[in-house]
Amino acid sequence: MVSLGDLMKSLCVAFESKDFDSCEKLLTPIKIDLIKHDLLLPDLQSENEAYINDLNVSKMFLEIGALVNIYRLDFDAFKSYFVQVRVYYFGNNSKLSESENKSKLISLYLLVLLSEGEITKFHSELEYLGKHVSNLEEDELLSYPTKVEKWLMEGSYQKACDLLESKSKIPEFDIFTETLMNAIRDEIARNAEIAYKILPLTNIKALLFFNSEKESEKFALERGWKIVNGSVIFEEEENTDQKKETQSIIERSLDYAISLETIV
């Protein structure tokens, strides 16, 4: 019978090789073994050295499981692993080794919540982190999702897009770029529908951060907008205070986007 140690070595080798299919096959038998030894319901107050070593193995397993499922785009499974490993991060046992993946996994969890529109959970997690992490704003990884969310809520779409499209040091973050960019475009599109009756396709391209008018046209048609003589025609809306406020936000974003294109 293969030992837990051998299984973990195989898992680590497969993970380093980015063989996520093999990782997935190894996760279940390792999890069963850890459950048998009560290591997935850890006693974080224990001072037993051998048990602490086992807990560090368990924590490593949960971290690898979380990261494997990020790459497999199984965010429900990722959240399940993260919730379990999160206990280790804030268990206050000085004998447990500090994890180099802590900030990365917390940030990925925040990005998952943000990409799924779970804003209430996002802010609940931030509130919890604020009580347990002293350098939240200074941490380069933890500040990434908080900046994206802040700028989205403020309507500072250009800042959010610039951050998302910059090549981050953490490749896992880039997994969320397309999803969050699509969310930004959808939000701007909803505002544009309220604020305008018609906009040139060139303005749509700048406003929605597309690289070509062809991409803009594809987006417009998928959204059900009419394109006539190089302009997008929105459905007519009644004039409201919301329309005036939204138009002001869109105009600022559009002016900034067009100015940026002119500079480039």
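Residues numbered from 1 in each chain as written. Predicted model: local features only at pLDDT ≥ 70, side-chain atom pairs only at ≥ 80, totals over all residues. Heavy atoms only, no water.

Draft legend 1. How the structure looks around the confidence of the model for the protein. Within the protein, residue pLDDT values average 86, and 89% of them lie at 70 or more. No element of the protein has a lower mean pLDDT than helix α12 (residues 241–263), at 53, and none a higher one than helix α5 (residues 102–115), at 95. Scored below 50 in pLDDT, residues 260–264 shows 3 contacts in the model against residues more than four places distant or in partner chains. (pLDDT = per-residue confidence, 0-100. Helix = DSSP H or I, 4+ residues; strand = E, 2+ residues; numbered from the N terminus. Contact = heavy atoms within 4.5 Å.)

Draft legend 2. Representation of the packing of aromatic side chains in the model. Per the stated rule, a full pass over the model turns up 11 aromatic pairs. Ring geometry for phenylalanine 78 and phenylalanine 82: centres 6.1 Å apart, planes at 20°, overall stacked. Of this pair, phenylalanine 78 and phenylalanine 82 are both found in helix α4 (residues 75–89), 4 residues apart, which corresponds to roughly one turn of the helix. The buried category is assigned to phenylalanine 78, whose relative accessible area is 0%. A centroid spacing of 5.6 Å and a plane angle of 55° characterise the contact between phenylalanine 210 and phenylalanine 219, whose relative ring orientation is tilted. Phenylalanine 219 carries the same exposure label as phenylalanine 210, and that label is buried. Ring pairs connect the aromatic residues Phe210, Phe219, Trp225 and Phe234, which therefore count as one cluster. For arginine 86, the ring lying beneath its charged end belongs to tyrosine 128, and the centroid distance is 4.1 Å. (Phe/Tyr/Trp six-rings, centres within 6.5 Å; stacked < 30°, edge-to-face > 60°. Buried < 20%, exposed > 50% of the residue type's maximum accessible area, 1.4 Å probe, protein only. Lys NZ or Arg CZ within 6 Å of the ring centre and 35° of its normal.)

Draft legend 3. Structural context of the pattern of salt bridges. By the definition in use, this model includes 12 salt bridges. Ionic pairing is found between arginine 72 and glutamate 24, a salt bridge with its closest N-O pair at 3.5 Å. A residue pair is termed long-range when its members are at least 10 positions apart, and arginine 72 in the loop between α3 (49–71) and α4 and glutamate 24 in helix α2 (residues 20–36) qualify at 48 residues. Exposure remark for arginine 72: the relative accessible area of 37% places this residue in the partly exposed category. A relative accessible area of 30% places glutamate 24 in the partly exposed class. Taking the shortest distance from any N to any O, the salt bridge between arginine 223 and aspartate 186 comes out at 3.5 Å. Remark: aspartate 186 occurs in helix α9 (residues 177–195) and arginine 223 occurs in the loop between α11 (213–222) and β2 (226–228); sequence separation between them is 37 residues. For aspartate 186, a relative accessible area of 29% puts it in the partly exposed group. By sharing partners, the salt bridges in this structure join Asp21, Glu24 and Arg72 into a single network. (Salt bridge = Lys/Arg side-chain N within 4 Å of Asp/Glu carboxyl O.)

Draft legend 4. The arrangement of the side chain of threonine 146 in detail. Checked against the element boundaries, threonine 146 lands in helix α7 (residues 143–154). Those residues in contact with threonine 146 that lie beyond four places of it in its chain are Phe122 and Leu126.

Draft legend 5. Seen up close, α3. Under the 1.5 Å per step criterion, the end-to-end length of α3 is 34 Å for 23 residues, consistent within 8% with the ideal 33 Å. Its side-chain oxygen 3.1 Å from the backbone nitrogen of alanine 50, asparagine 48 forms the N-cap of α3. Phi turns positive, to about 60°, at leucine 73, one or two residues after α3. (Expected span 1.5 Å × (residues − 1). Polar contact = N/O pair within 3.5 Å; in protein donor to acceptor, adjacent residues only side chain to side chain.)

Draft legend 6. Layout of the nonpolar core. One finds Leu11, Phe61, Phe78 and Ile184 to be the most contacted residues of the largest nonpolar core, which totals 81 residues. Counting residues per element, this core draws most heavily on α3, at 10 residues. When sequence neighbours within four positions are dropped, the list of residues in contact with leucine 11 reads Cys23, Leu26, Leu27, Ile30, Phe61 and Ile64. (Core = buried A, V, L, I, M, F, W, Y, C linked by side-chain atoms within 4.5 Å.)

Draft legend 7. Seen up close, the sheet that holds β2. If you trace the 3 strands from one edge of the open sheet to the other, you get β1-β3-β2, paired in antiparallel fashion. Either end of the sheet is taken by a strand with one partner, and the two such strands are β1 (198–200) and β2. Taking the axes of each pair of neighbouring strands and ignoring which way they run, one obtains an average angle of 30° across the sheet. Pairing of β2 with strand β3 (residues 231–233), which is carried by 3 bridges, proceeds in the antiparallel orientation. (Pairing = 2+ DSSP bridges. Axes fitted to C-alpha atoms, helices over the stretch in contact; angles between N-to-C directions.)

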